[in-house]
Amino acid sequence: VGAVLHPALGRRSTSAAMAASLLASASFAFLHTPTLIRPAAAQPLRPALFPRLAQPAALLLPEQLPSALVADSLLDSVGGVAAAGVGAVLLIALLAGKGNMASGAALMVLFLGGDPDERDASGANENKLLKEFALSITPSAWKKAYQGEGAEDGEPAALLDLPAWQGEEARELTEPEAVTCVQQMQLAPITVPSVGPVETCYLSLTPEAPAEAPPVMLIHGFDSSLLEFRYLTQPLLDAGLRVEAMEWWSGGFTARAPFTEAISAGKAEPWDLIREHQFAFWKRQLGDTKVTLLGASLGGAVALDFAATHPECVDRLILMDAGGESYAQPDPFLTSLAADPVTNLFQWRATNGLLPYPHVWAKEEGWRQALQAYLRSGGYQNRVSEPLIRTVPQPTLVLWGEEDDVLPVEDAFKYQEHLPDCVRVELIPDAQHAPALENPAYVADAIVRFATAADVREDTRQPQPA
């Protein structure tokens, strides 16, 4: 505590750097949606602060720089951190939990607090100078991660002819796989028993030569979309696999208001509505046909919940860098406590074009409110953990990016220990937390091998090289 308080009281620049580092830790824990383009070779910066601390602040990765800049900008506006303020932050951290994640969440409450709607309406998220500075120190590869392949030349792209419900930003996509994916998307009302009809964005793709294998149903991660799977769908179709996937609440173009209103009014929990929605989609698309179900990132927790609750729907299960054994967030209490500042940070990144490419749904009605409602609920930690994992009956393949920087690789082997029927664990080379985007050839081949095997335990074929 003394090592932190001394520089915080003495020099604004040092305390700003400290707060920036802790804030980046929290933003990484809360905000790491499946990164849609991530250079595998990106390395964290070397820590330069507080060598005396036994557990120094988390390293700043390039994608976390905007979060750090927010902290520094906010500190500029207040002129420093008062002793009482720092003491209160540390007290919150000590009371709420241990480690950098708790400290980072507490700092987010202090520096990014306030009602997200009021903050956005006031223009507090609009800071062109800050954005320009953030981009000026961002490597080219990361600019493309934010803005796509045309980020450097500034040439205007021809706009796609898309339905109005997909918004204006989707019309600006140029990457061939992204263009194909948005053009394949459909929208239809799907009735969720607890809330009624929900306008749902989905993919339904049928191969020309079907294999004798269950359809594959894909579940994306938090604040993600079907674009997460844009490199996988064609290889799966080429292997004869039917592909079904929908965008669940908080992500993509699916309507958010029915869920958000019910959750905010205390009438339902997010996981219950999401599970109902997945079941209604499965029933509508497939009748009583069992699927090979894949869940990625937080979508893994969704998949675990669905597979355990509805074994009649799922023939086999694939977990890919899946939340469940652990989560990239603090405990539910701190997650709820930091809901508003985390939502503010999402909105700041969206306003300044600093969400991962191609994040084309941030202007959808209720996007910010859905994120806020999910975080206030405490998240899937309240539903999916080891006790539920031990009840999942399906044979399960666990895929994990061997360089995952969001969820520890050790979680893959915890699944192997806790799942009743874990067939095997495969570590995916040259991949971090989003293998479907970082090494899609390996992932597609692994899915095909598992989904088409007559007996998953006798599959001896080797995956294709990356």
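Computed from a predicted model, the values in this text were never measured in an experiment.

**Description of the overall build of the protein**
Thought 1: Across its full length, the protein carries 20 helices and eight strands.
Thought 2: Long-range pairs, those at least 24 residues apart, make up 77% of the contacts in the protein with a sequence separation of at least 6.
Thought 3: As presented, the protein carries roughly 18,600 Å² of accessible surface, and 53% of it is formed by carbon and sulfur atoms.

**A short note on the packing of helix α15 (residues 339-351) against helix α16 (residues 367-376)**
Thought 1: At their nearest, the axes of α15 and α16 sit 9 Å apart, and the two run at 150° to each other. Classified by the interaxial angle, the pair formed by α15 and α16 is roughly antiparallel. You can see that α15 and α16 cross each other, and the crossing is right-handed. On α16, the residues that touch Ala339, Asp340, Val342, Thr343, Phe346, Gln347 and Ala350 of α15 are Trp367, Arg368, Leu371, Gln372, Leu375 and Arg376.

**Points about the packing of helix α11 (residues 257-264) against helix α12 (residues 270-286)**
Thought 1: Viewed as axis vectors pointing N to C, α11 and α12 meet at an angle of 150°, and their least axial separation amounts to 10 Å. Considering the angle they form, α11 stands roughly antiparallel to α12. When the axes of α11 and α12 are compared, the crossing they make is right-handed. Taken together, the residues of α12 that come into contact with α11 (itself represented by Phe259, Ala262 and Ile263) are Pro270, Leu273, Ile274 and His277.
Thought 2: Here the contact of α11 with α12 is built from residues that sort into six nonpolar, one polar and no charged.

**A few points about the sheet that holds strand β1 (residues 186-192)**
Thought 1: Taken in spatial order, the eight strands of this open sheet run β1-β2-β4-β3-β5-β6-β7-β8, and their pairing is mixed. On the outer flanks of this sheet lie β1 and β8 (422-428), each paired with one strand and no other. The sheet shows a mean angle of 25° between the axes of neighbouring strands, taken without regard to direction.
Thought 2: Its contacts with the sheet place helix α13 (residues 298-309) against β3 (216-219), β5 (291-296) and β6 (314-320), and it is angled at close to 145° to β5.
Thought 3: Of the strands in this sheet, β3, β5, β6, β7 (396-401) and β8 touch helix α20 (residues 440-452), which is tilted by about 165° from β8.

**A closer look at the pairing of β1**
Thought 1: Bridge analysis of β1 against strand β2 (residues 196-205) gives seven bridges, and the strand direction is antiparallel. Counterpart to Pro189 in the pairing with β2 is Glu199.
Thought 2: Where β1 folds back on β2, the antiparallel hairpin that results is connected by three residues.

**Topic: the packing of aromatic side chains**
Thought 1: Summed over the entire model, instances satisfying the criterion amount to 10 aromatic pairs.
Thought 2: Of the aromatic side chains, those joined through ring pairs into one cluster are Phe222, Trp249, Phe259, Phe346, Trp367 and Tyr374.
Thought 3: In this structure, Arg316 packs its charged tip against the face of Phe450, placed 5.9 Å from the ring centre.

**Structural notes on the pattern of salt bridges**
Thought 1: Applying the stated rule across the entire model yields 14 salt bridges.
Thought 2: Between Arg275 and Asp305 there is a salt bridge, and its shortest N-O distance comes to 2.7 Å. In this pair, Arg275 sits in helix α12 while Asp305 sits in helix α13, placing the two residues 30 residues apart along the sequence.
Thought 3: The class for Arg275 is buried, based on a relative accessible area of 15%.
Thought 4: For Asp305, a relative accessible area of 1% corresponds to the buried category.
Thought 5: Across the salt bridge formed by Asp340 and Arg376, the nearest N and O atoms sit 2.9 Å from each other.

**Some details on the nonpolar core**
Thought 1: If you look at the biggest cluster of nonpolar residues, it comprises 110 residues, and the most contacted ones within it are Met185, Leu293, Leu304, Tyr380, Tyr415 and Leu419.
Thought 2: Here this core takes eight residues from α20, the largest share from any one element.

**Some remarks on the environment of Gly196**
Thought 1: Looking at where Gly196 falls in the secondary structure, it is placed in strand β2.
Thought 2: Relative accessible area serves as the criterion here: at 16%, Gly196 is assigned to the buried category.
Thought 3: C-alpha of Gly196 to C-alpha of Phe259: the two residues are 63 residues apart in sequence and 9.8 Å apart in space.
Thought 4: Aside from chain neighbours lying at most four places away, what touches Gly196 is Ile190 and Thr191.

**Observations regarding helix α18 (residues 410-418)**
Given 3.6 residues per helical turn, the α-helix brings residues three or four places apart onto the same face.
Thought 1: Of all the residues in α18, the buried ones are Asp411, Ala412, Tyr415 and His418. Along the long axis of α18, the arc covered by the buried residues comes to 135°, so they all point the same way. More than 90 degrees from the buried face of α18, the exposed residues found are Glu410 and Glu417.
Thought 2: Turning to α18, the residues buried within the fold contact α13, β6, α17 (386-389), β7 and β8.

**A closer look at the side chain of Arg230**
Thought 1: When you line up the elements, Arg230 lands in the loop between β3 and α10 (233-238).
Thought 2: Arg230 gets classed as buried once you look at its relative accessible area, which sits at 4%.
Thought 3: Reaching out from Arg230, the side chain makes a polar contact with the side chain of Glu175 at a distance of 2.5 Å.

**So, unusual backbone geometry**
Thought 1: Although it is not a glycine, Ser250 adopts a positive phi angle of roughly 100°.
Thought 2: Tracing the backbone through its elements, the reader meets Ser250 in the loop between β4 (243-246) and α11.
Thought 3: A relative accessible area of 0% means that Ser250 is categorised as buried.
Thought 4: Positioned with a positive phi, Asp430 is a non-glycine residue whose angle comes to about 55°.
Thought 5: Following the sequence through the fold, Asp430 ends up in the loop between β8 and α19 (435-438).
Thought 6: Owing to a relative accessible area of 43%, Asp430 belongs among the partly exposed residues under this scheme.

**Quick notes on helix α9 (residues 176-184)**
Thought 1: Three or more residues of α9 are buried, namely Ala178, Val179, Cys181 and Val182. The buried residues of α9 occupy an angular sector of 165° when the element is viewed end-on, so they sit on one face.
Thought 2: Those residues of α9 that are buried lie in contact with β2.

**What about the confidence of the model for the protein?**
One rule of thumb: low pLDDT means the predicted coordinates there are not for detailed reading.
Thought 1: Chain-level statistics for the protein give a pLDDT mean of 77 and a share of 65% at 70 or above.
Thought 2: In the model, residues 1-101 has pLDDT below 50 throughout and makes 184 contacts with residues more than four positions away in sequence or in other chains.
Thought 3: In the predicted structure, residues 139-143 sits below a pLDDT of 50 and forms 12 contacts with residues beyond four places in sequence or in another chain.

What counts as what
- Along each chain, numbering runs from 1 in the same order as the chain's sequence is written.
- Residue-level local features of this predicted model are given only where pLDDT is at least 70; pairs of side-chain atoms are given and counted only at 80 or more, and the full residue set underlies all totals for whole chains, interfaces and linings.
- Side-chain metrics rest on all non-hydrogen atoms present in the structure, leaving aside hydrogens and water.
- Secondary structure counts use DSSP, requiring at least four H or I residues in a row for a helix and at least two E residues in a row for a strand, with both numbered from the N terminus.
- We call two residues in contact when some of their heavy atoms are within 4.5 Å.
- All accessibility values rest on the Shrake-Rupley procedure with a 1.4 Å probe; residue burial counts only the protein chains present in the view.
- In this analysis, axes come from line fits to C-alpha atoms, helices being fitted only over the stretch in contact, and the angle between any two N-to-C directions falls in the range 0 to 180 degrees.
- Each angle is binned into one of four classes, with values under 35 degrees roughly parallel, values over 145 roughly antiparallel, values of 65 to 115 roughly perpendicular, and all other values oblique.
- It is the rotation of the near helix from the far one that decides the hand of a crossing: anticlockwise by less than a right angle makes it left-handed, clockwise makes it right-handed.
- Gly counts as polar in this scheme, as do all residues outside two lists: the nonpolar Ala, Val, Leu, Ile, Met, Phe, Trp, Tyr, Cys and Pro, and the charged Asp, Glu, Lys and Arg.
- Strands were regarded as paired on the criterion that DSSP finds at least two bridges between them.
- Here is the rule: rings of Phe, Tyr and Trp (six-membered ring for Trp) pair when centre to centre is within 6.5 Å. Planes less than 30 degrees apart are stacked, more than 60 are edge-to-face, and the remainder are tilted.
- Criterion for a charge above a ring: Lys NZ or Arg CZ within 6 Å of the ring centre, and within 35 degrees of the ring normal.
- Salt bridges are counted wherever a side-chain nitrogen of Lys or Arg sits within 4 Å of a carboxyl oxygen of Asp or Glu.
- Working definition: with a 1.4 Å probe on protein chains only, accessible area under 20% of the residue-type maximum means buried, over 50% means exposed, and in between means partly exposed.
- Side-chain atoms within 4.5 Å link the members of a nonpolar core, which is a set of buried Ala, Val, Leu, Ile, Met, Phe, Trp, Tyr and Cys residues.
- By construction, the arc corresponds to the directions joining the helix axis to the C-beta atoms.
- N or O atoms within 3.5 Å of each other form a polar contact, as long as, within protein, one can give a hydrogen and the other can take it, and as long as residues adjacent in sequence are counted only when both atoms are side-chain atoms.
- Known as pLDDT, the predictor's per-residue confidence is scaled from 0 to 100.

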